[in-house]
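Here's the letter readout for the chains.
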Amino acid sequence: MQTQQHYYTPEEYLAQEEVAAFRSEYRDGEIVPMTGGSINHNQIAGNVYAFLKFMLRQTDFKPYIGDLRLWIPRYRQYTYPDVFLIQGQPIFQDQRTDVILNPCFIVEVLSKSTKDRDRTDKFRYYRSIPEFQEYILINQYEIEIEQYLKSDRDSWLFRAYESDTEKIFFASINVEMTIAEIYENVDFNLADKQG
């Protein structure tokens, strides 16, 4: 006998998320618990956030990390990007200060359970955001970074990085960061023990 899946409205999801012990994403009616982060995942996201926070001070780009929710209206998705930037003022969903609509730059640290979705569905959803210009995917298990840069309305340029001696130029914000800085204090020997 098949069990019927419950459909949640965005309002039901937001109400549930306010009291939940663990974060979940919303996927067009489905509430999906997020997997727990690893120490390497946390270290990489923190490295990128701290670097961008320092480099972008006194500009109109503001970095955010982890706990701020993103609403993607076209696909009815709520997500929690690992790190993202907003240029200028945040645009909030219905005056909610915990849900934004206008990131221009998003970083996702890949885990075994999220890497395929981050590369495919999530990237497609993010591309529907008019302000979105650059997408960075960082492997937490080895040195591997994927960069996608919007070149015009429907085209994206791709570049891969696989050496800690390289530098990555975040063209949409005119900032350069070394791959070694991204992976600072990351222990790949922990990879087998992480999700």
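Residues numbered from 1 in each chain as written. Predicted model: local features only at pLDDT ≥ 70, side-chain atom pairs only at ≥ 80, totals over all residues. Heavy atoms only, no water.

**Q** Help me get a handle on the overall build of the protein, residues and values and all.
**A** Secondary structure assignment for the protein yields five helices and 14 strands. Viewed in the frame of its principal axes, the protein has a C-alpha envelope of about 55 × 40 × 30 Å. In the protein, which comprises 195 residues, the share counted as buried stands at 44%. Considering only contacts within the protein whose residues lie at least 6 apart along the sequence, 54% involve residues at least 24 apart. About 10800 Å² of surface is accessible on the protein, with carbon and sulfur atoms providing 49% of the total. (Helix = DSSP H or I, 4+ residues; strand = E, 2+ residues; numbered from the N terminus. Buried < 20%, exposed > 50% of the residue type's maximum accessible area, 1.4 Å probe, protein only. Contact = heavy atoms within 4.5 Å. Areas by Shrake-Rupley, 256 points an atom, 1.4 Å probe, with all protein chains shown as cover.)

**Q** Just give me the short version of the pairing of strand β10 (residues 134-139), but keep the residues and values in it.
**A** Extensive coverage of β10 is indicated by the burial of six of its six residues. Burial along β10 is two-sided: Glu 134, Ile 136 and Ile 138 facing one way and Tyr 135, Leu 137 and Asn 139 facing the other are all buried. As defined by bridge partners, strand β9 (residues 105-110) adjoins β10 across six bridges and the pair is classed as parallel. The residue bridging Val 107 from the neighbouring strand is Ile 136, located in β10. In terms of strand pairing, β10 meets strand β11 (residues 145-152) through five bridges, oriented antiparallel. Pairing of Ile 136 across the sheet is with Gln 147, part of β11. Two successive antiparallel strands, β10 and β11, enclose a turn made up of five residues. (Pairing = 2+ DSSP bridges.)

**Q** Can you lay out the nonpolar core for me, pointing to particular residues and giving the numbers?
**A** Counting 26 residues, the largest nonpolar core has Leu 52 and Ile 182 as its most contacted members. Looking at this core, the element that brings in the most residues is helix α2 (residues 39-55), giving five residues. The residues touching Ile 182, leaving out its near neighbours within four places in the chain, are Ile 44, Asn 47, Val 48, Ile 138, Ile 145, Ile 168 and Met 177. By size, the runner-up hydrophobic cluster in this structure holds 17 residues, among which are Ile 86, Ile 100, Ile 106 and Tyr 126. (Core = buried A, V, L, I, M, F, W, Y, C linked by side-chain atoms within 4.5 Å.)

**Q** Could you give an account of the sheet that holds β10, naming the residues involved and the relevant values?
**A** Overall, mixed pairing links the six strands, which are arranged β3-β6-β9-β10-β11-β12 in an open sheet. Looking at the sheet topology across the chains shown, the edges are occupied by β3 (61-65) and β12 (155-161). Averaged over all neighbouring strand pairs, the angle between strand axes comes to 15°, with direction disregarded. In this structure, β3 lies alongside strand β6 (residues 83-87), joined through five bridges in antiparallel fashion. (Axes fitted to C-alpha atoms, helices over the stretch in contact; angles between N-to-C directions.)

**Q** Give a detailed account of the packing of aromatic side chains, specifying residues and quantitative values.
**A** Counting across every chain of the model gives 18 aromatic pairs. Taken together, a centroid distance of 5.6 Å and an interplanar angle of 25° make the contact between Tyr 64 and Phe 84 stacked. Of the two residues, Tyr 64 sits in strand β3 while Phe 84 sits in strand β6, which places them 20 residues apart along the sequence. Taking relative accessible area as the criterion, Tyr 64 reaches 26% and is therefore assigned partly exposed. Relative to Tyr 135, the ring of Tyr 126 lies with its centre 5.5 Å away and its plane at 80°, an arrangement referred to as edge-to-face. Judged by relative accessible area, Tyr 126 falls into the buried class, the value being 0%. By relative accessible area, Tyr 135 is classed as buried at 0%. Linked through ring pairs, Phe 123, Tyr 126, Phe 132, Tyr 135, Tyr 148, Trp 156 and Phe 158 together constitute an aromatic cluster. It is Arg 23 that lies over the ring of Tyr 80; its NZ or CZ is 4.6 Å from the centre. Looking at Lys 112, its charged tip hangs above the ring of Tyr 141, at a distance of 4.5 Å from the centre. (Phe/Tyr/Trp six-rings, centres within 6.5 Å; stacked < 30°, edge-to-face > 60°. Lys NZ or Arg CZ within 6 Å of the ring centre and 35° of its normal.)

**Q** So what about the sheet that holds strand β2 (residues 30-33)? Which residues, and what values?
**A** The sheet built from six strands is open, its strands ordered β2-β1-β5-β4-β8-β7 with mixed pairing. Each edge of the open sheet carries a strand with a single partner, namely β2 and β7 (92-93). Where strand β4 (residues 69-72) lies against strand β8 (residues 96-100), two bridges are found, and the strand directions are parallel. Looking at the pairing, Arg 69 lines up with Val 99 of β8. Strand contacts of helix α1 (residues 10-19): β1 (24-27), β2, β4, β5 (77-79), β7 and β8, with the helix running at about 180° to β1, the strand carrying the most contacts.

These figures capture arrangement, not role.
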